[in-house]
Amino acid sequence: MSVSWPAPSTCAAAGALLAAAWLLCFRLFPAVARPRRRAMKTGAQLPPGSFGWPVVGETLDFVSCAYSPRPEAFVDKRRLRYGSAVFRSHLFGSATVVTADAEVNRFVLQSDARSFVPWYPRSLTELMGKSSILVINGSLQRRVHGLVGAFFKSPQLKAQVTADMQRRLAPALAAWREQGPGARLRIQDHAKTIVFQILVRALIGLEAGPEMQQLKQQFQEFIVGLMSLPIKLPGTRLYRSLQAKKRMARVVQRIIQEKRRRRALDGGGAPRDAIDVLMGDGSEELTDELISDNMIDFMIPAEDSVPVLITLAVKFLSECPLALQQLEEENMQLKMRKTDLGETLQWTDYMSLSFTQHVITETLRIGNIISGIMRKAVRDVEVKGHLIPKGWRVFMYFRSVHLDDMLYEDPCKFNPWRWKEKDMSTSSFTPFGGGQRLCPGLDLARLEASIFLHHLVTSFRWVAEEDHIVNFPTVRLKGGMPIRVTAKD
Ligand code: HEM
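Remember, it's a predicted structure, so these values are computed and weren't measured experimentally.

With 16 residues, helix 12 (residues 288-303) should reach 22 Å at 1.5 Å per residue; the first-to-last C-alpha distance of 23 Å fits that figure. The buried fraction of helix 12 amounts to 14 of the 16 residues, a majority that puts the element mostly inside the structure.

Using the residue numbers shown here, the UniProt feature "binding site: heme" (unreviewed entry) corresponds to Cys439. Looking at the element boundaries, cysteine 439 is found in the loop between helix 17 (398-402) and helix 18 (442-459).

This part is about the site of the ligand. Taken together, 25 residues lie near the ligand, and Pro301, Ser305, Gly433, Cys439 and Gly441 sit nearest. Mapped by element, the contributors of at least two residues to the shell around the ligand are helix 6 (138-153), helix 12, helix 13 (305-318) and helix 18. Split into classes, the residues belonging to the shell around the ligand amount to 19 nonpolar, five polar and one charged.

Turning our attention to the pairing of strand 2 (residues 94-99). A large share of strand 2 lies buried, amounting to six of its six residues. Neither face of strand 2 is exposed, since Ser94, Thr96 and Val98 on one face and Ala95, Val97 and Thr99 on the opposite face are all buried. By the bridge criterion, six bridges tie strand 1 (residues 86-91) to strand 2 in an arrangement that is antiparallel. Bridging across to strand 2, leucine 91 finds its partner in serine 94. With antiparallel pairing between neighbouring strands as the criterion, strand 1 and strand 2 make up a hairpin whose turn holds two residues, including phenylalanine 92 at a positive phi of roughly 50°.

As a further point, take the sheet that holds strand 3 (residues 116-118). Strand order in the open sheet formed by five strands is 1-2-8-5-3, with mixed pairing between adjacent strands. In the strand order of this sheet, the two ends are held by strand 1 and strand 3, each with one partner. Neighbour to neighbour, the strand axes of the sheet diverge by 35° on average, direction disregarded. Each of strand 1, strand 2, strand 3, strand 5 (372-377) and strand 8 (393-397) touches helix 4 (residues 102-110); the most contacted strand, strand 8, lies at about 125° to it.

Mean pLDDT over the chain works out to 90, with 92% of the residues at or above the 70 mark. On the interface metric, ipTM, the complex scores 0.99, and its pTM is 0.92.

If you trace the three strands from one edge of the open sheet to the other, you get 4-12-9, paired in antiparallel fashion. Of all the strands in the sheet, just strand 4 (183-186) and strand 9 (460-464) have a single pairing partner and so form its edges. With direction set aside, neighbouring strand axes in the sheet form an average angle of 35°. Both strand 9 and strand 12 (residues 482-487) contribute to a ladder of five bridges, which runs antiparallel. Counterpart to arginine 461 in the pairing with strand 12 is threonine 486.

Attention now moves to helix 2 (residues 59-67). Where helix 2 is concerned, the buried positions are Thr59, Phe62, Val63 and Ala66. Along the long axis of helix 2, the arc covered by the buried residues comes to 95°, so they all point the same way.

Turning next to unusual backbone geometry. In this structure, the amide linkage connecting phenylalanine 472 to the following residue, proline 473, adopts the cis form with an omega of 0°. By the element assignment, proline 473 lies in the loop between strand 10 (469-470) and strand 11 (476-477). In this structure, lysine 384 takes a positive phi of about 50° despite not being glycine. Considering the arrangement of structural elements, one finds lysine 384 in the loop between strand 6 (381-383) and strand 7 (386-388). For aspartate 410, which is not glycine, the phi torsion reads 45° and is therefore positive. Its place among the elements puts aspartate 410 in the loop between helix 17 and helix 18. The exposure class assigned to aspartate 410 is exposed, which follows from the 9 C-beta atoms found within 10 Å.

So, about the packing of helix 7 (residues 155-178) against helix 18. In the contact formed by helix 7 and helix 18, the axes pass within 10 Å of each other and the chain directions differ by 35°. Note on packing geometry: the crossing formed by helix 7 with helix 18 is right-handed. In contact with Lys158, Val161, Thr162, Met165, Gln166, Leu169 and Leu173 of helix 7, helix 18 contributes Leu444, Leu447, Glu448, Ile451, His455 and Ser459. Looking at the contact of helix 7 with helix 18 residue by residue, the class counts come to seven nonpolar, four polar and two charged.

Here the focus is the environment of glycine 129. Tracing the backbone shows glycine 129 in the loop between helix 5 (122-128) and helix 6. Classification of glycine 129 as buried rests on a count of 20 C-beta atoms within 10 Å. Glycine 129 sits 179 residues away from valine 308 along the chain, and the two C-alpha atoms are 25 Å apart.

The biggest cluster of nonpolar side chains holds 116 residues, and the ones touching the most others in it are Ala274, Leu309 and Ala313. Top element by residues in this core is helix 8 (residues 187-204). It accounts for 11 residues.

Here the chain is described as being made up of domain 1 (19-129 + 371-402) and domain 2 (143-363 + 440-487). Measuring from the centre of the C-alpha atoms in domain 1 to the corresponding centre in domain 2 gives 31 Å. Among the elements of the structure, helix 1 (12-25), helix 2 and helix 5 are those that each provide at least two residues to the side of domain 1 that touches domain 2.

Procedures and definitions
Residues numbered from 1 in each chain as written. Predicted model: local features only at pLDDT ≥ 70, side-chain atom pairs only at ≥ 80, totals over all residues. Helix = DSSP H or I, 4+ residues; strand = E, 2+ residues; numbered from the N terminus. Expected span 1.5 Å × (residues − 1). Buried ≥ 20, exposed ≤ 12 C-beta atoms within 10 Å, placed from the backbone. UniProt positions renumbered as here; feature names shortened; annotations may be inferred. Near = placed C-beta within 6 Å. Nonpolar A, V, L, I, M, F, W, Y, C, P; charged D, E, K, R; others polar. Pairing = 2+ DSSP bridges. Axes fitted to C-alpha atoms, helices over the stretch in contact; angles between N-to-C directions. Contact = placed C-beta atoms within 7 Å. pLDDT = per-residue confidence, 0-100. Arc of directions from axis to C-beta. Left-handed = near helix turned anticlockwise from the far one by under 90°. Core = buried A, V, L, I, M, F, W, Y, C linked by C-beta atoms within 7 Å. Domains from an automatic or database assignment.

Written out as structure tokens, the structure reads:
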């Protein structure tokens, strides 16, 4: 799951201001302690590295690299300097072990809350609330993850999402066609509108309409506060976002109460959305507050990660005509086959398009929508001869692994064909994380991207305008990826 926050200004002054805000936000002032000379009985030692400057540590370099077109430069420089893909640093106010080592990442991802717990900036935890799946641990996290994961993977939900997506795309495609040849549209905006409506229906059962519109407005107000100063006074960004979340929670709780009333009358029937699934569990731990908080948090990938995946795919395809051509051929063949048979497309049809899936996999690898994940060690942990002391953060930097030339030939090149031979289920490919917190929405994300791409490439040709990827604080296309579309005959 990823988060969005306000588009950062590109000018240096605003960048510096933001960096300062970040530092404050991450409670910069705690210990500037030098690393203790520690070694475990087993011989494990602190990884090589430096804590950088007093107070700020190495955060400014991290942030300035993050704003550049090569955010991985921060890690690459140190990797070269220390001869190790695991090094220590001091980031956002905390002693941190940074790892670009796939095996170490795998170990941390597989570990449970006895060794590592999730760690997020304070503004984020304030907004997500104590019962968010992103911060809860142990049996409660496993229960919520298991329930929603099974629902998100279910053929029923995939069929519903496919039908919904086709229903929502049809008027959008017709409107683009009506605008005539060369109509200009920003893929990112359209992807956001469509994906949000579909996932929100899957989560809380709300149909498109004025209430959905209001919810989306509140959601946008909420999401900009996820990375803000952790000050809750009236007028502050965080305060306004918390107010927006309260208003959204009222809408979701009203839906929950309505569902409870109906369940009391007729038993409720088969679950139609994620609320039904969590309510149906009957556990006292799954309170209305927990359900509504999580439903709102689950909307983050609907507004952010999935639309960005679609937008990045369109960008990379626009820059690789051969891949676009092959994708188009594969999708046209499917469309013609289904038309001849007089059948509508099912979710299994989309997921069986092997080249389309390779395009999505390669987009995830090179796009790095979630560049990394942080955890906090709750005890001293030893991995591959490295000591991660209790209380330290571990920053698993997936981006550097995905762009490692020892693991991927010509790693910065968009090459979907590489996945013909390559195994996706390795620790060197973790766009959806791994272990107990492996993204439960990964199939849905792939399915929605496949459907969007299918309808775009089978209905239109396009010419892309120049746009570039911004990687920080979240990945997105600066101009929303404008393209000029012309309907196919
Ligand atoms: C391109 C799209 C997506 C990407 C790149 C993505 C990425 C990730 C990653 C890396 C994690 C692991 C976080 C961690 O280990 O702390 C995660 C967790 C999660 N994702 Fe996704 N995600 C995407 C789409 C979705 C969708 C569509 C949903 C569902 C609506 C979803 C729901 C979740 C949830 C609930 C978790 C938390 C799981 C837990 O902590 O037990 N994600 N996602």
